[in-house]
Structure formats: C-alpha cells, structure tokens
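Residues per chain are reported as follows:
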Amino acid sequence: MTTIWAGLATGALYSLVAIGYNVVLLASGVVNFANAYLIMIGTFLAYVCLVDWGLPVAAAIPLTGLAVAVIAVVEERIAIRPLLNRQGGHAALITTVGVGTLLGGIAAKVWGTEPVRVPSPFSAEPLTLLGGTIQRNDLVLILLVLALGVGLHLWSRRTLLGLASLATAENRQAAQARGLNVRALGLGAFALAGLIAGLFAVFVAGRTYAHFHLGETLALFGFVAIAIGGSGSQLGGLIGGFAIGLLYAVTARYVGDSYPQIVVFAVFLLILLTRPRGLFGGAAERQV
C-alpha cells in the first residue's frame, strides 16, 4: 500500500498541472505549457517567503499564490493575447513553450541549479493508513488536488461563468458576437491557473524540492495526463494524472527503475491510437 500512496502523491502533481492546463484551455482554447513552470517558480517563491523572509506558512501560501497569478497575467497580456487576436491558438501554444523556457532560465540564474529544500508545513513523521505509510504533506496534497479537480469540474458545468468559458473555448468569435467578454475570460483563466499554481507550490515543494528542471518534468507528464484523460475535461485530467502516478510507482516497484517512463508512454501511445480524444474526451459535433 505504501507504493500506492507514493503513486497517488506523484499523480497528484501531474493532475495539478493537467488542471491548470484545462483551466486555460476551457476559457481561451490555448494549452498553457508554461503552467508547469509557474508551479516551479512558485516553489522558489515559497522558499523566499518561508526561509529568506521567515514568514509563517499562513502568509507564505497566499503571497506565493498572488505573485504567481501576477506572472500568469503578464504572460497572457504580453505573450498570448496578441497572438490570439492575429494567429490563433497554435502559435500561442508555441509561445507558452518559450515562456516556460524563459522562466526556467530565470530560476536557474536567480536561485542556481542545485535543488533547494522548502520547509514542509507538516511534521516529517509519516502516517500509517490502510496498511501503508505516507507523508502528511503528500496526503494533504492528494486531498486538495482531488477537491480542486472535482470543484472545477462542477464549476465549469453548472455555473454561467463556467459555461461562458466553455463557449469561448469552442468558438472565440461566436462567443464574442454573443456578447461575451472573451478577453476578460481569458485573462481570468490565466490568473486563476497562476493562483492555483502558487497556492499549491508549498505542498509541491514538500514532495519534490525547488529545482529549475521541475517545470520540464511536470509539463511533460501533465500534458500526457490531459491526453490520456481528455483535453478540456477536468475529471479526465484529474484521473489521467493519478493513473500516470500509480502506473509509474507500480512499474518502478515491481519491474524496475529503468522502465516506468517506457511503460507510461507505451500506455499513452496505445490510448492515442484507440481513443485519440482521451478516455473522457468526446467528439465535437458541428452542423455543416
């Protein structure tokens, strides 16, 4: 059971990235590849708040969240909005990759290339649950990501703002013609995704450390999570992330440390071949 808990904790990281991808995708039609790098920047900012400034966790978490949200807003205004107005989502996707690379370079320059340990808000004494052990930080991370994914799924399906975001992602021009403020929705989505990345950064760092390469790993497996679960589906991204984490942990435990990535990407390719829209993605219907 300890292996299962470890897989769920790792999967929570990938689900968190997938949730951030889907928040922006559902409102603007863009996969913000830089979202994983925002989480990485958040771990360093959490370190600054907790270690350099000596702030309590209750102050460090909201400050980190707000700071990362501001970075996400700057990204949307400078790098994304001009491209959406002129060239569409494909060019914006490439730009988000560039923004992520830039953030990684800034992190390496400011904080160095060695991993930095961020103090965990919880005791290091592990818990014993269902016959296995798990760190308190990991358990909280799992529960919070589950609550976030389910909550955002319900919000996107049962509120007017959530439905408006879906309409904008489906057809930006038609939504604008219907009177929706697509720019505000897109900006709000980037801000929300950045806020989530910053708020969770303390818990992410409690499992991974702060490191400038963290964004690359999270971005890759987060993308695999939404591809498996179905892009645009919060529940799909949530389940896809946890499934990857479990598959990775079980493979490492029973097959060997050299095989988890091979197995994960083999499953990824199999799902792409059999279910191109993911396990929970549906085909879009259009009148012609």
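Per an unreviewed UniProt entry, the protein carries the name Branched-chain amino acid ABC transporter permease and comes from Actinomadura syzygii. Of the comments in the UniProt record for the protein, the one headed Sequence similarities (unreviewed entry) reads "Belongs to the binding-protein-dependent transport system permease family. LivHM subfamily." UniProt's Subcellular location (unreviewed entry) comment on the protein is quoted here verbatim: "Cell membrane".

A tally of regular secondary structure across the protein gives 11 helices and 2 strands. Each helix and strand of the protein, placed in order from N terminus to C terminus, yields the pattern α-α-α-α-β-β-α-α-α-α-α-α-α. Counting all 288 residues of the protein, 49% fall into the buried class. The contacts of the protein with a sequence gap of at least 6 include a subset with a gap of at least 24, amounting to 74%.

Here we take up the packing of helix α9 (residues 214-229) against helix α11 (residues 260-274). Running from N to C, α9 and α11 point in directions that differ by 35 degrees, and their axes come no closer than 10 Å. Both α9 and α11 take part in a crossing whose hand is left-handed. Along its contact with α9, which presents Leu220, Phe221, Val224, Ala227 and Ile228, the element α11 presents Gln261, Val264, Phe265, Phe268 and Ile271. For the contact of α9 with α11, the class distribution of residues is 9 nonpolar, 1 polar and no charged.

Moving on: the nonpolar core. Leu16, Tyr21, Ile142, Val145, Leu218 and Ile244 are the most contacted members of the largest nonpolar core, which has 77 residues in total. Ranked by residues supplied to this core, first place goes to helix α1 (residues 2-28) with 15 residues. Setting aside anything within four residues of it in sequence, one finds Leu218 in contact with Leu13, Tyr14, Val17, Ala36 and Ile39.

Of note in the backbone geometry, Leu130 takes a positive phi value of approximately 55 degrees without being a glycine. Along the chain, the position of Leu130 falls in the loop between β1 (127-129) and β2 (132-134). Although it is not a glycine, Tyr209 adopts a positive phi angle of roughly 75 degrees.

To continue, consider the pattern of salt bridges. For the coordinates displayed, the defined rule picks out 1 salt bridge. Among the ionic pairs, Arg207 bridges to Asp138, the shortest N-O distance being 2.7 Å. Of this pair, Arg207 sits in helix α8 (residues 182-208) while Asp138 is found in helix α5 (residues 136-158), placing the two residues 69 residues apart along the sequence. By relative accessible area, Asp138 is classed as buried at 8%.

Turning our attention to the confidence of the model for the protein. In the predicted model, the protein carries a mean pLDDT of 85, and the fraction of residues at 70 or more is 89%. Looking at the elements of the protein, mean pLDDT is at its lowest for helix α7 (residues 172-177), recorded as 65, and at its highest for helix α2 (residues 35-52), recorded as 94. Taken together, the stretch residues 283-288 has pLDDT below 50 and engages in 3 contacts with residues farther than four places along the chain or on a different chain.

Let us now look at the environment of Ile80. Looking at the element boundaries, Ile80 is found in helix α3 (residues 57-86). A relative accessible area of 0% places Ile80 in the buried class. Sequence separation between Ile80 and Val99 is 19 residues; the distance between their C-alpha atoms is 9.9 Å. Leaving out residues up to four positions away in the same chain, Ile80 has contacts with Glu75, Ala92, Thr96 and Phe190.

Before going further, it helps to examine helix α10 (residues 234-254). For α10, spanning 21 residues, the distance from its first C-alpha to its last is 30 Å, which sits close to the expected 30 Å at 1.5 Å a residue. For α10, the set of buried residues is Gln234, Gly236, Gly237, Leu238, Gly240, Gly241, Phe242, Ile244, Gly245, Ala249 and Thr251. Looking at the packing, one finds that the buried side of α10 touches α1, α5, α9 and α11. Looking one or two residues beyond α10, the residue adopting positive phi is Gly256, at roughly 145 degrees.

This part is about a nonpolar patch on the surface. Nonpolar side chains collect at one region of the surface, where Met1, Ile4, Leu130, Val250, Tyr254, Val255, Tyr259 and Ile262 lie side by side and expose about 810 Å² of accessible area between them. Its location among the elements puts Tyr254 in helix α10.

Bringing α9 into the picture now. Since the α-helix advances by 3.6 residues per turn, residues separated by three or four positions end up pointing in the same direction. In a regular helix each residue adds 1.5 Å, so 16 residues correspond to 22 Å; α9 covers 22 Å between its end C-alpha atoms and thus fits that length. For α9, the tally of buried residues reaches 12 of 16 residues, placing the bulk of the element in the interior. Residues of α9 that are buried include every one of Leu214, Gly215, Leu218, Ala219, Phe221, Gly222, Val224, Ala225, Ile226, Ala227, Ile228 and Gly229, and no others.

Mapped onto the elements, Asn32 comes out in the loop between α1 and α2. When its relative accessible area of 1% is taken as the criterion, Asn32 is described as buried.

Packing of α1 against α5 leaves a shortest axis separation of 9 Å and a crossing angle of 30 degrees. With respect to each other, α1 and α5 are oriented roughly parallel. The hand of the α1/α5 crossing is left-handed. Each of Trp5, Leu8, Ala9, Ala12, Leu13, Ser15, Leu16, Ile19, Val23 and Leu26 in α1 lies in contact with α5, whose residues at this interface are Asp138, Leu139, Leu141, Ile142, Val145, Leu148, Gly149, Leu152 and Ser156. Looking at the contact of α1 with α5 residue by residue, the class counts come to 15 nonpolar, 3 polar and 1 charged.

Thresholds applied
Residues numbered from 1 in each chain as written. Predicted model: local features only at pLDDT ≥ 70, side-chain atom pairs only at ≥ 80, totals over all residues. Heavy atoms only, no water. UniProt positions renumbered as here; feature names shortened; annotations may be inferred. Helix = DSSP H or I, 4+ residues; strand = E, 2+ residues; numbered from the N terminus. Buried < 20%, exposed > 50% of the residue type's maximum accessible area, 1.4 Å probe, protein only. Contact = heavy atoms within 4.5 Å. Axes fitted to C-alpha atoms, helices over the stretch in contact; angles between N-to-C directions. Left-handed = near helix turned anticlockwise from the far one by under 90°. Nonpolar A, V, L, I, M, F, W, Y, C, P; charged D, E, K, R; others polar. Core = buried A, V, L, I, M, F, W, Y, C linked by side-chain atoms within 4.5 Å. Salt bridge = Lys/Arg side-chain N within 4 Å of Asp/Glu carboxyl O. pLDDT = per-residue confidence, 0-100. Expected span 1.5 Å × (residues − 1). Patch = residues over 30% accessible without salt bridge, like charges linked within 9 Å, V, L, I, M, F, W, Y side chains within 5 Å. Areas by Shrake-Rupley, 256 points an atom, 1.4 Å probe, with all protein chains shown as cover. Parallel < 35°, antiparallel > 145°, perpendicular 65-115°, else oblique.

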